[in-house]
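What follows is each chain in one-letter form.
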2 protein chains.
Amino acid sequence: MKAKKPYNCGIGPAFEVIGGKWKAVILWELHAQPRRFGELKRLLPDISEKMLIQQLRELEADGIVHREVFHEVPPRVEYSETKLGASLNAALGPLADWGDRYAKRAGAAR
Amino acid sequence: MKAKKPYNCGIGPAFEVIGGKWKAVILWELHAQPRRFGELKRLLPDISEKMLIQQLRELEADGIVHREVFHEVPPRVEYSETKLGASLNAALGPLADWGDRYAKRAGAAR
DNA sequence: TAAGGTACTTACCAGAACGTATGTATTGAA
DNA sequence: TTCAATACATACGTTCTGGTAAGTACCTTA
């Protein structure tokens, strides 16, 4: 996302935070439990490593996810939802439901 | 939006429909009442005419907005929400609220 | 000694998204 | 006869997103 426009509603800011192709699904995967980088990679095989970290970093910068490094023998990093992230996830719920119904409808129409 | 991936949740399909920079705000403007093309142009001065029709056409193709032409002396075209569009707008409500709070918080932080 | 797992980083590039500018058809008003 | 208003259409160029491929540093296991 690029432009910072004076939006008349909250959709603008929200889209700047979860816009793009992957952020919403990443956040979704973090909803149930914290995940390691490698776990996310396996859970979302279609996203490249580059995109995965890039999006995680942006989500971190926006206060949506928390990153914790464990200084262990094989390095370990865990990503988890912040409170803000959880509230965003909740706000995405109705939209996800709508998308489900829409996809079903569109699928049935064919 | 380009890729048609098998998403694990409804966010994917939803984003394919209201993704992009303008669709959500356009839909928002149609919520209260139907609007003419020129009205939308005036209401959303930042969007170019090209983008406006392009997005309206895509929303129409997805069954989100309805387009009605009145064969009058100066041509008149009205765009309105379909039922599906209204349900999408409703699903966007919580996200818009979240965005409002987020923007307020971010604004206050500076 | 080489291979493999961890979590990244970097360079390069194609294609999509978006913007600007201009053109079109119709009619009525000046 | 020229201008303005309607609702677009089209060409062209830039900017941004996302993808591929390769490399880094550390340690463990075979």
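Up top you'll find the structure we're talking about.
Cut-offs used in this document
Residues numbered from 1 in each chain as written. Chains lettered and ligands numbered in written order. Predicted model: local features only at pLDDT ≥ 70, side-chain atom pairs only at ≥ 80, totals over all residues. Heavy atoms only, no water. Helix = DSSP H or I, 4+ residues; strand = E, 2+ residues; numbered from the N terminus. Buried < 20%, exposed > 50% of the residue type's maximum accessible area, 1.4 Å probe, protein only. Contact = heavy atoms within 4.5 Å. Least-squares fit on C-alpha atoms with pLDDT ≥ 70 in both. Pairing = 2+ DSSP bridges. Salt bridge = Lys/Arg side-chain N within 4 Å of Asp/Glu carboxyl O. Nonpolar A, V, L, I, M, F, W, Y, C, P; charged D, E, K, R; others polar. Axes fitted to C-alpha atoms, helices over the stretch in contact; angles between N-to-C directions.

Trainee: Would you mind going over the overall build of chain A with me for this structure?
Mentor: Secondary structure summary: chain A contains five helices and three strands in total. Taken from N to C terminus, the helices and strands of chain A fall in the order α-α-β-α-α-β-β-α. Residues classed as buried in chain A amount to 42% of the 110 residues present. For chain A, long-range pairs separated by at least 24 residues make up 43% of all intrachain contacts whose partners lie at least 6 apart in sequence.

Trainee: Where do I start with the relation of the copies chain A and chain B in this structure?
Mentor: The two chain copies are related to each other by a rotation about an axis together with a translation along it. Once turned by 180° and shifted 0.0 Å along the axis, chain A lies on chain B with an RMSD of 0.0 Å. Put plainly, the chains are arranged around a two-fold axis.

Trainee: What exactly am I supposed to notice about the pairing of strand β2 (residues 65-70) of chain B here?
Mentor: Residues and elements named next belong to chain B. Here six bridges tie β2 to strand β3 (residues 76-81), and the two strands are oriented antiparallel to one another. Bridging across to β3, Phe70 finds its partner in Arg76. Linking β2 to β3, which pair antiparallel, is a turn of five residues.

Trainee: Honestly, the interface of chain A and chain B in this entry has me stumped. Any pointers?
Mentor: Each partner contributes to the interface: chain A provides 38 residues, whereas chain B provides 38 residues. Across the contact surface, chain A and chain B share zero salt bridges. Of all the secondary-structure elements, those providing two or more residues to the side of chain A that touches chain B are α1 (11-18), α2 (23-32) and α5 (83-109) of chain A. Split by residue class, the side of chain A that touches chain B holds 24 nonpolar, six polar and eight charged.

Trainee: Help me understand the sheet that holds β3(B) in this model?
Mentor: Backbone hydrogen bonds are what pair the strands of a sheet, in a parallel or an antiparallel way. Residues and elements named next belong to chain B. Strand order across the open sheet formed by three strands is β1-β3-β2, with antiparallel pairing between neighbours. In the strand order of this sheet, the two ends are held by β1 (35-36) and β2, each with one partner. Of the strands in this sheet, β1, β2 and β3 touch helix α2 (residues 23-32), which is tilted by about 95° from β3. Relative to β2, helix α4 (residues 49-61) is tilted by about 110°, and along the sheet it contacts β2 and β3.

Trainee: Just checking my understanding: could you explain the sheet that holds strand β3 (residues 76-81) of chain A for this structure?
Mentor: Residue and element names in this part refer to chain A. Taken in spatial order, the three strands line up as β1-β3-β2 in an open sheet, and their pairing is antiparallel. Each edge of the open sheet is held by one strand with a lone partner, namely β1 (35-36) and β2 (65-70). In this structure, β1 lies alongside β3, joined through two bridges in antiparallel fashion. Bridge pairing in β3 places Arg35 opposite Tyr79. Each of β1, β2 and β3 touches α2; the most contacted strand, β3, lies at about 95° to it. Here helix α4 (residues 49-61) sits on the sheet and contacts β2 and β3; the angle it forms with β2, its principal contact strand, is near 110°.

Trainee: I would appreciate a short explanation of the environment of A:Leu92 in the present structure.
Mentor: Relative to the helices and strands, A:Leu92 is located in helix α5. Given the relative accessible area of 3%, A:Leu92 is considered buried. Sequence-distant contacts of A:Leu92, defined by excluding residues within four places in its chain, comprise A:Ile18, A:Ala24, A:Leu27, B:Ile11 and B:Leu95.

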